[in-house]
Amino acid sequence: MTATRNPGGKVWASVGAVALAIVGAVFTVEGGFSDHPDDPGGKTNHGVTEAVARDNGYHGDMQVLPKSLAQQIYIQDYVTGPGFDRVIALSPALGEKLVDAGVNAGPGQAARWLQEALNQLSRGGADYPRIAVDGRVGAGTLAAYQALERKRGREKACELTVKLIDVQQGAHYMRLNKPAFIVGWADHRLGNVPLARCADSVQGSMT
């Protein structure tokens, strides 16, 4: 069993268990092989683009990309690589939002949306120092989020941050002007993390 339920939300046994659940949800949304002419990513399978697959040493037919390899790529490139595992430890719900947004728009973009949200929520630096918007989740970004938790409470900090990431993500989709994809993006990528999950935590990782 990877998680237990308590009145304050689900308590996950480990960051790894949360990450696997997030990747499973991404698989459900992304589906199997696709080669849409309007998709700048070109051939994809399980949501992994051909370029990313090649960068990770896969040189076979994208139509038969193993799901196990796709899972490995997601964990490496979209969870631990950009530092989102450290966010998952603080807030599984916020971590899920970042991983999913990173799969769709790039982990650097997802990290910048987080940093922009944290700067806005700092109230111009009145509540905690503003941070660099550099697309890298490091000690400064994590410290800013923890400061927001102390100011607003753990669950409210998550709710506010997820909402502001959604706002930026939606604006990003509008600017892309991709009519073939906008309905799916709006339906599956915005509001996709229920705010009730902000009560979830990882065992031993609560701040």
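## Topic: the pattern of salt bridges
For the structure on display, the rule yields 10 salt bridges. For aspartate 127, the salt bridge goes to arginine 152, with nearest N and O atoms at 3.4 Å. Of this pair, aspartate 127 sits in the loop between α6 (107–121) and α7 (139–152) while arginine 152 is found in helix α7, placing the two residues 25 residues apart along the sequence. Taking the relative accessible area as the measure of exposure, arginine 152 reaches 35% and is therefore partly exposed. One continuous salt-bridge network, built from bridges that share partners, spans Arg123, Asp127, Lys151 and Arg152.

## Comments concerning the packing of helix α5 (residues 92–105) against α6
Running from N to C, α5 and α6 point in directions that differ by 135°, and their axes come no closer than 7 Å. Relative to α6, the element α5 is oriented oblique. Along this stretch, α5 crosses α6, giving a crossing that reads as right-handed. Contact residues: Leu94, Leu98, Ala101, Gly102 and Ala105 in α5; Pro107, Gln109, Ala110, Trp113 and Leu114 in α6. Of the residues belonging to the contact of α5 with α6, the class tally is 8 nonpolar, 2 polar and no charged.

## Points about the side chain of glutamine 169
One can find glutamine 169 in helix α8 (residues 154–176). Using a relative accessible area of 0% as the deciding quantity, one classes glutamine 169 as buried.

## As for the environment of glutamine 115
Within the element layout of this structure, glutamine 115 appears in helix α6. Overall, the relative accessible area of 0% leaves glutamine 115 in the buried class. Discounting chain neighbours no more than four positions away, the residues touching glutamine 115 are Ile131, Ala132, Val133, Asp134, Gly135, Arg136 and Thr141. Within the structure, the side chain of glutamine 115 is placed 3.0 Å from the backbone nitrogen of glycine 135, a separation counted as a polar contact.

## Considerations on the packing of aromatic side chains
Going through the model one piece at a time under the given rule, you end up with 4 aromatic pairs. Pairing tyrosine 173 with tryptophan 185 gives two aromatic rings, centres 4.7 Å apart and planes at 20°, and the pair type is stacked. Of the two residues, tyrosine 173 is situated in helix α8 and tryptophan 185 in helix α9 (residues 182–188); the sequence distance between them amounts to 12 residues. Taken as a pair, tyrosine 173 and tryptophan 185 share a single burial class, namely buried. Pairing phenylalanine 181 with tryptophan 185 gives two aromatic rings, centres 5.6 Å apart and planes at 20°, and the pair type is stacked. Of the two residues examined, phenylalanine 181 and tryptophan 185, each falls in the buried class.

Criteria and thresholds
- Residues numbered from 1 in each chain as written.
- Predicted model: local features only at pLDDT ≥ 70, side-chain atom pairs only at ≥ 80, totals over all residues.
- Heavy atoms only, no water.
- Salt bridge = Lys/Arg side-chain N within 4 Å of Asp/Glu carboxyl O.
- Helix = DSSP H or I, 4+ residues; strand = E, 2+ residues; numbered from the N terminus.
- Buried < 20%, exposed > 50% of the residue type's maximum accessible area, 1.4 Å probe, protein only.
- Axes fitted to C-alpha atoms, helices over the stretch in contact; angles between N-to-C directions.
- Parallel < 35°, antiparallel > 145°, perpendicular 65-115°, else oblique.
- Left-handed = near helix turned anticlockwise from the far one by under 90°.
- Contact = heavy atoms within 4.5 Å.
- Nonpolar A, V, L, I, M, F, W, Y, C, P; charged D, E, K, R; others polar.
- Polar contact = N/O pair within 3.5 Å; in protein donor to acceptor, adjacent residues only side chain to side chain.
- Phe/Tyr/Trp six-rings, centres within 6.5 Å; stacked < 30°, edge-to-face > 60°.

Read these as geometric descriptors, not functional statements.
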